[in-house]
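Letter by letter, the chains look like this.
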Amino acid sequence: MKICTAFALLSLTGVSAFAPNAPAASSTALFSSGAPVGAVGTGNSQPAVEAGGAIAVKGVYPPAPAAEGSIGAFVDKYDMPVTIVQGGALRTWSFPTMTMGRVNIALTTQGPKEGNPLNCDLAFNEGPDNTPQRMRIYSGKGRLRPYKMWIETPRDTSAVFIRNLAPLEFPLEAKVGTEPAELPPAQGVHGITDDMFEMSKPNVIQGAGALRTYALDHSVTSVKVVLKTDGRPLNAMVELTQGPNAIKYTIEIYTEDGMLRPFNAILETPGPGNELRIVNTASMEFPLLAQVGRSGQWTEDYYHQ
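Asker: Summarise the pattern of salt bridges; cite the residues concerned and give the values.
Answerer: Applying the stated rule across the entire model yields eleven salt bridges. A salt bridge links Glu179 to Arg102; the shortest N-O distance between them is 2.8 Å. Linking Glu179 in strand E8 (residues 172–180) with Arg102 in strand E3 (residues 100–109), this pair joins segments that are 77 residues apart in sequence. With respect to burial, Glu179 and Arg102 carry one shared label: buried. The closest approach of N and O atoms between Glu114 and Lys141, which form a salt bridge, is 2.7 Å. Of this pair, Glu114 sits in the loop between E3 and strand E4 (118–125) while Lys141 sits in the loop between strand E5 (133–139) and strand E6 (147–152); the two residues are 27 residues apart in sequence, bridging distant segments of the chain. For Glu114, a relative accessible area of 32% corresponds to the partly exposed category.

So, in structure tokens, the structure goes:
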């Protein structure tokens, strides 16, 4: 009887000695509380690492944008006469003067509130049969996501060619203007956008299809993209995606001299879940330098004007 009692006691007290320990409770929930990555209480004490040169961190908001005057001056730079380019048509702007510093270009579309698709070829010529810069531009909604850029013109007479590759039902609106070479830097588009955008550090993207991505916070509503080289040709593709691989912008770029004529453009990024991709489509011998700047507070009315 005593032996049975001892075995009974051992069976009650020895379970914890031989049974495996229960696994610690863990959660697979993402940090969706809105606290910055690495903040106390999120369970992640590591510093935030940002993709492609750190321009956006979840929960970290960009600094206040520049004064209202800078935004107004930027909009004024593209307040130029509108030229309608019908689907399949080609329009040319010639600049015979040698005092021009750069050409400012703004493209959008007509149609519904968010606009029809924007699909065109843009070429910059200097002299006969000389096209030192050209690009293929696509935007799924040309009014919600218009396209703004400027081209440096360090030499003499030049011309801009824009061909609308969309069907006849989808005309585009083009604004093309110039800046004089003697204009003070602070009054030109470079100085104005430097006050509006917080630029990332330059990132080297090697050739042979190397890719760099920039994850954009939901508060970032537009980005400035600058691509350049050390004087060698520039071949690249810029894509803006939103959500699971939904492409909103695609720009294929060729520049004969990436130092003399770098690529400068403004892309609109309304809504959350945006990601910028930059691919160097040149061979391995031709790396490029990429900088991306973010801006925060442009009103919704601005996109749809």
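Asker: Provide a residue-level description of the nonpolar core, including the pertinent values.
Answerer: Generally speaking, soluble globular proteins have nonpolar side chains that are buried together. Grouped together as the largest cluster of nonpolar side chains are 43 residues, with contacts concentrated most on Leu107, Tyr147, Ile162, Leu227 and Phe263. What Leu227 contacts, discounting residues up to four positions off in sequence, is Leu234, Ala236, Val238, Ile253, Gly258, Pro262, Phe263, Ile278, Leu288, Leu289 and Ala290. Listed in part, the eleven residues of the second largest apolar core include Ala106, Trp150, Ile192 and Ile266.

Asker: With reference to specific residues and values, describe the sheet that holds strand E13 (residues 234–242).
Answerer: Two orientations exist for strands paired in a sheet by backbone hydrogen bonds: parallel and antiparallel. Sheet architecture is open: eight strands sit in the order E2-E7-E4-E5-E14-E13-E16-E11, paired in antiparallel fashion. Strand pairing shows two members of the sheet lacking a second neighbour, strand E2 (90–95) and strand E11 (211–215), which therefore form its edges. In this sheet, neighbouring strand axes are inclined to one another by 15 degrees on average, regardless of whether the strands run parallel or antiparallel. Relative to strand E14 (residues 247–255), E13 runs antiparallel, the two sharing eight bridges. Across the sheet, residue Leu234 finds its bridge partner in E14, namely Thr255.

Asker: I'd love a proper account of the packing of aromatic side chains, names of residues and values included.
Answerer: One pass over the structure, following the stated rule, counts one aromatic pair. Geometrically, the ring pair formed by Phe74 and Tyr78 is edge-to-face, given 5.2 Å between the ring centres and 70 degrees between the ring planes. Here Phe74 and Tyr78 have matching classes, each one buried.

Reading the values: the criteria
Residues numbered from 1 in each chain as written. Predicted model: local features only at pLDDT ≥ 70, side-chain atom pairs only at ≥ 80, totals over all residues. Heavy atoms only, no water. Salt bridge = Lys/Arg side-chain N within 4 Å of Asp/Glu carboxyl O. Helix = DSSP H or I, 4+ residues; strand = E, 2+ residues; numbered from the N terminus. Buried < 20%, exposed > 50% of the residue type's maximum accessible area, 1.4 Å probe, protein only. Core = buried A, V, L, I, M, F, W, Y, C linked by side-chain atoms within 4.5 Å. Contact = heavy atoms within 4.5 Å. Pairing = 2+ DSSP bridges. Axes fitted to C-alpha atoms, helices over the stretch in contact; angles between N-to-C directions. Phe/Tyr/Trp six-rings, centres within 6.5 Å; stacked < 30°, edge-to-face > 60°.

The values reported here are purely geometric and, on their own, carry no functional implication.
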